[in-house]
Amino acid sequence: MAGHSRRQPPRVGANAHSGWVLRVALPVVATLSIVGPLAWLWQDSRVPAAYSVMDVGYPDYGMGTVPDTSGGGGHGGHMQGQMPDHDMPTPRLVTDMIADPARPADIRVDLVIRQQMLTVAGRSIAGFTVNGTSPGPQILARQGQLVEVHLRNESVADGVTLHWHGVDVPNAMDGVAGVTQDAVPVGGEFTYRFVAKQAGTYWYHSHQVSNPQVAGGLLGSLVVTPKSGIVQQVDVTAVAHTYGGMRTINGKAEDFRVPARAGQRVRIRVTNTDNGPMKIWTGGSYRLLAVDGTDVHQPTDVSDRSLTLTAGGRADLEVTAPSDGTAVRVQLSKATAVIIGPPGVDVPVPPQPASELDLLAYGTPAPLGFDPAHPTRRFEYRIGRRPGFVKGRPGLWWSINGRLFPHVPMYVVREGDVVVMHIENHTGEVHPMHLHGHHEVVLARNGVAASGSPWWVDSLNVPPGESYDIAFMANNPGIWMDHCHNLKHAAQGMIAHLMYEGLDTPYRIAGPADNQPE
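An account of the accompanying structure is given in this report. (Residues numbered from 1 in each chain as written. Predicted model: local features only at pLDDT ≥ 70, side-chain atom pairs only at ≥ 80, totals over all residues. Heavy atoms only, no water.)

## Some details on the nonpolar core
Turning to step 1, where the next piece is worked out: Core analysis: the biggest nonpolar cluster contains 83 residues, and Ile268, Leu288 and Ile340 have the highest contact counts within it.
Turning to step 2, where the next piece is worked out: Of the residues forming this core, the biggest block, five residues, is contributed by strand β35 (residues 495-500).
Turning to step 3, where the next piece is worked out: Sequence-distant contacts of Ile340, defined by excluding residues within four places in its chain, comprise Val258, Ala260, Val266, Ile268, Val319, Ala321, Pro322, Thr326, Ala327, Val328 and Val330.
Turning to step 4, where the next piece is worked out: One finds Val130, Val184, Phe190 and Ala199 within the second-largest nonpolar core, a separate group that totals 30 residues. (Core = buried A, V, L, I, M, F, W, Y, C linked by side-chain atoms within 4.5 Å. Buried < 20%, exposed > 50% of the residue type's maximum accessible area, 1.4 Å probe, protein only. Helix = DSSP H or I, 4+ residues; strand = E, 2+ residues; numbered from the N terminus. Contact = heavy atoms within 4.5 Å.)

Pasting the structure below:
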């Protein structure tokens, strides 16, 4: 009809179109904003099928290192402070760090490792034996002797190594699969050689798939006596280990009885091979003679105080058999005890003391042999826990200086350095920190300076919320693990390393030898 406009169909306006785009795009962008970073973190956490310990993490030179945040592997972070020389010579290999090959051995030991069932307190438990027993045979040497141990793996499918816990061996003898040697396969052999320079109580254990192998009993005791001998009339070793939930001493789930005449002085060498700390106490008095293989300077009698022995740590106690012909009981936790006295004489379990012996103030001061007040290097080892990815696996993981494995520090030193390290535990669990190849002296705990005997350790109990300052001399060149000796924690990424400049390793983690140190 004339004069009337034709009705047009409705049109979708620009605003409506934009709204549709936003409704589609926003969820996509939101998803990508979540998935993208997660995918990057997952990829960044992965490690190659075979890799060198030299290619993970970032180097910390002890002078305020700022790690590379680009996520790249290897030791390519941005460093401040003391840097390596640009014209460094060709790196030496850890395999060069050995005892004098021309020197004949003073002590020779053959150890055959088997994967087999154990019988503990009438129960059958899957585990490992050394020469048919668990714990394996004690190796006894005199200070200064060269020890040669020939290992043969008869039936351990995952391979084995032996680490000499607390003994400052040459680096090639440290027994860490993928760092200082390849795991020894079934039918394979390996020979360890080292000089027992320091008298004390030590132990050996596997460092290949170490958490299950150590828990399964692949371990034994090593005792180095001083050249002059000891003054105690009785000298015994008590290896504490838990098999399948059963606490044992020297492989038996029962008290360890030590015959002693009235008035005899007894030296008890206690080794804690479990993942957690252990309490030690007596109903009478004792003296703490040594910690982790180092003598306490001028120890005094201790009464009504328990001793905390960290995982991996050792303590030498002196107890005197009662003069009245009775016995004395030394509790190694509530489950087991060492009973000293005439055969057949028993004594009730003494109550656990409410107070602990404070090693920060026990004994009297003595020279250290170096000056930690003027260190060459200062390092931080801050233990935390946060979500993320480790080796491509999501979870809640242990962190070191805020970083997750493999992006953890490689602490770099030069031979002759005086090193001070500050350790903090910001988690809810205790961490027994173990540095291979060195002994450290405790300078302070929670800011309180040590006032007693030099407290030398190779395994340090760091409870939740506490901090320690420790120091050591860089006098044993190599590439050394610095990790938590709760071996479950180490398997979850709580591993760093101490490396001397100019050192390298030909070995690889995983790879054809399937090296798995934790």
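## Considerations on the pattern of salt bridges
When the charged atoms of two side chains lie near each other, side chains of opposite charge can form a pair.
Turning to step 1, where the next piece is worked out: Here the structure, examined in full by the defined rule, presents 21 salt bridges.
Turning to step 2, where the next piece is worked out: With its nearest N and O atoms 2.4 Å apart, the salt bridge here joins Glu356 to Lys279. In this pair, Glu356 sits in the loop between β23 (336-341) and β24 (377-390) while Lys279 sits in strand β16 (residues 278-282), placing the two residues 77 residues apart along the sequence.
Turning to step 3, where the next piece is worked out: Classification of Glu356 by relative accessible area gives partly exposed; the value is 42%.
Turning to step 4, where the next piece is worked out: Here Lys279 falls in the partly exposed class, since its relative accessible area comes to 25%.
Turning to step 5, where the next piece is worked out: The partner of Arg377 in a salt bridge is Asp417, and the shortest N-O contact between them spans 2.7 Å. You can see Arg377 sitting in strand β24 and its partner Asp417 sitting in the loop between β26 (409-413) and β27 (418-425), a full 40 residues away along the chain.
Turning to step 6, where the next piece is worked out: Here Arg377 falls in the buried class, since its relative accessible area comes to 0%.
Turning to step 7, where the next piece is worked out: It is possible to trace a salt-bridge network through shared partners that takes in Asp235, Arg267, Arg269 and Asp316. (Salt bridge = Lys/Arg side-chain N within 4 Å of Asp/Glu carboxyl O.)

## A look at the sheet that holds strand β11 (residues 219-225)
Turning to step 1, where the next piece is worked out: Judged by pairing direction, the sheet is mixed, and its four strands sit side by side in the order β6-β11-β10-β8 without closing on themselves. Lying at the two open borders of the sheet, with one neighbouring strand each, are β6 (136-142) and β8 (163-165). The mean angle between the axes of side-by-side strands here comes to 25°, regardless of whether they run parallel or antiparallel.
Turning to step 2, where the next piece is worked out: Where β8 lies against strand β10 (residues 200-205), three bridges are found, and the strand directions are antiparallel. Residue pairing for β10: His163 is matched across the bridge by His205. (Pairing = 2+ DSSP bridges. Axes fitted to C-alpha atoms, helices over the stretch in contact; angles between N-to-C directions.)

## Observations concerning the sheet that holds strand β9 (residues 189-195)
Turning to step 1, where the next piece is worked out: One open sheet accounts for four strands, arranged β5-β4-β7-β9; its pairing is mixed. What marks the edges here is a single partner per strand, and that holds for β5 (123-130) and β9. The average angle at which neighbouring strand axes cross in this sheet is 25°, direction not considered.

## Quick word on unusual backbone geometry
Turning to step 1, where the next piece is worked out: Here the bond from Ser134 into Pro135 is cis, since omega is -5°, no more than 30 degrees from zero.
Turning to step 2, where the next piece is worked out: Along the chain, Pro135 turns up in the loop between β5 and β6.
Turning to step 3, where the next piece is worked out: Look at the link from Phe405 to Pro406: it is a cis peptide, with omega at 15°.
Turning to step 4, where the next piece is worked out: With a phi angle near 45°, Val209 is a residue other than glycine that sits in the positive phi range.
Turning to step 5, where the next piece is worked out: One non-glycine residue, Asp304, adopts positive backbone phi at about 55°.
Turning to step 6, where the next piece is worked out: With respect to the helices and strands, Asp304 occurs in the loop between β19 (301-303) and β20 (307-309).
Turning to step 7, where the next piece is worked out: Asp304 gets classed as exposed once you look at its relative accessible area, which sits at 59%.

## Here we look at the side chain of His434
Turning to step 1, where the next piece is worked out: The topology assignment puts His434 in strand β28 (residues 431-435).
Turning to step 2, where the next piece is worked out: Within the local environment of His434, its side chain forms a polar contact with the backbone oxygen of Asp458, the two atoms lying 2.7 Å apart.
Turning to step 3, where the next piece is worked out: Not counting residues up to four positions away in its chain, the partners in contact with His434 are His163, His165, Gly166, Asp458, Ser459, Met481, Asp482, His483 and His485. (Polar contact = N/O pair within 3.5 Å; in protein donor to acceptor, adjacent residues only side chain to side chain.)

## Observations concerning the side chain of Thr294
Turning to step 1, where the next piece is worked out: Among the secondary structure elements, Thr294 is positioned in strand β18 (residues 294-295).
Turning to step 2, where the next piece is worked out: Using a relative accessible area of 15% as the deciding quantity, one classes Thr294 as buried.

## As for the pairing of strand β29 (residues 440-445)
Turning to step 1, where the next piece is worked out: Where burial is concerned, most of β29 is hidden: five out of the six residues are buried.
Turning to step 2, where the next piece is worked out: Pairing of β29 with strand β31 (residues 456-457) involves two bridges; the strand directions are antiparallel. Following the sheet pairing, Val441 is matched in β31 by Trp456.
Turning to step 3, where the next piece is worked out: As defined by bridge partners, β29 adjoins strand β33 (residues 467-473) across four bridges and the pair is classed as antiparallel. Looking at the pairing, Val441 lines up with Ala471 of β33.
Turning to step 4, where the next piece is worked out: Direction of pairing for β29 relative to strand β30 (residues 448-449): antiparallel, over a ladder of two bridges. Each residue of the ladder has a partner; that of Ala444, found in β30, is Ala449.
Turning to step 5, where the next piece is worked out: Connecting β29 to the next strand, β30, in antiparallel fashion are two residues, including Asn446 with a positive phi near 50°.

## Examining the packing of aromatic side chains
Turning to step 1, where the next piece is worked out: Counted according to the given criterion, the structure contains eight aromatic pairs.
Turning to step 2, where the next piece is worked out: Where Trp164 meets Tyr204, the ring centres are 5.6 Å apart and the plane angle is 50°; that geometry is what we call tilted. Placement of the pair is Trp164 in strand β8 and Tyr204 in strand β10, with a sequence separation of 40 residues.
Turning to step 3, where the next piece is worked out: What makes Trp164 buried here is its relative accessible area of 0%.
Turning to step 4, where the next piece is worked out: With 4.7 Å between their ring centres and 55° between their planes, Phe190 and Tyr192 make a pair best called tilted. This pair shows no difference in class: Phe190 is buried, exactly as Tyr192 is. (Phe/Tyr/Trp six-rings, centres within 6.5 Å; stacked < 30°, edge-to-face > 60°.)

No statement about biological role is implied by the geometric values presented.
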